[in-house]
Amino acid sequence: MKDLRLRLTALMSTLIQKLKYKQCVEANTDPSITNILYKNISLANGRHVIHIRVPRSWNGPHMVKNYKFMLRTASAKIPAGTSDIRRMINVRDQFLEQYNRFRVQRIEKTLNVYKQVTPFVLIHFLPTSAFNIESNYPIIQK
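Throughout what follows, the structure given in this document is the object of discussion. (Residues numbered from 1 in each chain as written. Predicted model: local features only at pLDDT ≥ 70, side-chain atom pairs only at ≥ 80, totals over all residues. Heavy atoms only, no water.)

### Focus: the overall build of the protein
Then, in step 1: In terms of regular secondary structure, the protein is built from 2 helices and 6 strands.
Then, in step 2: Each helix (α) and strand (β) of the protein, taken in turn from the N terminus, gives the series α-β-β-β-β-β-β-α.
Then, in step 3: Across the 142 residues in the protein, those meeting the buried criterion constitute 15%.
Then, in step 4: Within the protein, contacts between residues at least 6 apart in sequence are counted, and of these 44% link residues at least 24 apart.
Then, in step 5: Total accessible area on the protein stands at roughly 11,800 Å², and carbon and sulfur atoms take up 57% of it. (Helix = DSSP H or I, 4+ residues; strand = E, 2+ residues; numbered from the N terminus. Buried < 20%, exposed > 50% of the residue type's maximum accessible area, 1.4 Å probe, protein only. Contact = heavy atoms within 4.5 Å. Areas by Shrake-Rupley, 256 points an atom, 1.4 Å probe, with all protein chains shown as cover.)

This is the structure we're talking about:
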């Protein structure tokens, strides 16, 4: 019974910590970052770790409310300069341009190549990573 009480207490404190992190991030970023994923990981020694994953946001750049824009590097976060902020805005705009171009090409292909009669419904399921400018993966044909 005591062991169960200790586990429940640890779980409750972890949930409270997750809520604190969530509220802190949402309250201190502009525009607010709301799609963060939190995962509780129980360790063998009875302690807990909160794994926090911040997915790519297409609503950026996001400013920390102390009036700083931050950059993530491989090992740290650093304040962004003016050119970095411009690049972040351009990346978002380039994504939107690529996505719109893709959408128009698909509609034209459906109308002209497949000879689809209007009206019709065209649904695309497409990962946003397909337009990720910063990641280029080589295509290897065998």
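### Quick word on the side chain of Thr29
Then, in step 1: With respect to the secondary-structure elements, Thr29 resides in strand β1 (residues 29-30).
Then, in step 2: Residue classification places Thr29 among the buried residues on the basis of a relative accessible area of 11%.
Then, in step 3: Polar contacts involving the side chain of Thr29 include one to the main-chain carbonyl oxygen of Val25, which spans 2.8 Å.
Then, in step 4: Within the local environment of Thr29, its side chain forms a polar contact with the backbone nitrogen of Ile33, the two atoms lying 3.1 Å apart.
Then, in step 5: Setting aside its immediate chain neighbours within four residues, Thr29 contacts Met63 and Lys65. (Polar contact = N/O pair within 3.5 Å; in protein donor to acceptor, adjacent residues only side chain to side chain.)

### Description of helix α2 (residues 82-112)
One turn of an α-helix holds 3.6 residues; hence residues three or four places apart share an orientation.
Then, in step 1: With 31 residues, α2 should cover 45 Å at 1.5 Å per step; its first-to-last C-alpha distance of 45 Å lies within 8% of that length.
Then, in step 2: Where α2 is concerned, the buried positions are Met88, Val91, Phe95, Phe102 and Thr110.
Then, in step 3: In this structure, the buried residues of α2 make contact with β5 (68-72). (Expected span 1.5 Å × (residues − 1).)

### A look at the pattern of salt bridges
Then, in step 1: Enumeration over the complete set of coordinates arrives at 1 salt bridge.
Then, in step 2: Between Lys22 and Glu26 there is a salt bridge, with its nearest N and O atoms 2.6 Å apart. Taken together, the positions of Lys22 and Glu26, both in helix α1 (residues 2-27) and 4 residues apart, correspond to about one turn of that helix.
Then, in step 3: Accessibility expressed as a relative area gives 26% for Glu26, which makes it partly exposed. (Salt bridge = Lys/Arg side-chain N within 4 Å of Asp/Glu carboxyl O.)

### Let's talk about a nonpolar patch on the surface
Then, in step 1: Residues Ile41, Leu43 and Val49 make up a contiguous nonpolar surface patch of about 200 Å² in total accessible area.
Then, in step 2: With respect to the secondary-structure elements, Leu43 resides in the loop between β2 (37-42) and β3 (48-53).
Then, in step 3: The class for Leu43 is partly exposed, based on a relative accessible area of 37%. (Patch = residues over 30% accessible without salt bridge, like charges linked within 9 Å, V, L, I, M, F, W, Y side chains within 5 Å.)

### Some words on the sheet that holds strand β6 (residues 77-79)
Then, in step 1: Taken together, the 4 strands give an open sheet; going across it, the order is β1-β4-β5-β6, and neighbouring strands pair in antiparallel fashion. The two strands at the open ends of the sheet, each matched to only one other strand, are β1 and β6.
Then, in step 2: Where strand β4 (residues 63-64) and β5 come together, 2 bridges link them in antiparallel fashion. For Met63, the partnering residue across the bridge sits in β5 and is Phe69. (Pairing = 2+ DSSP bridges.)

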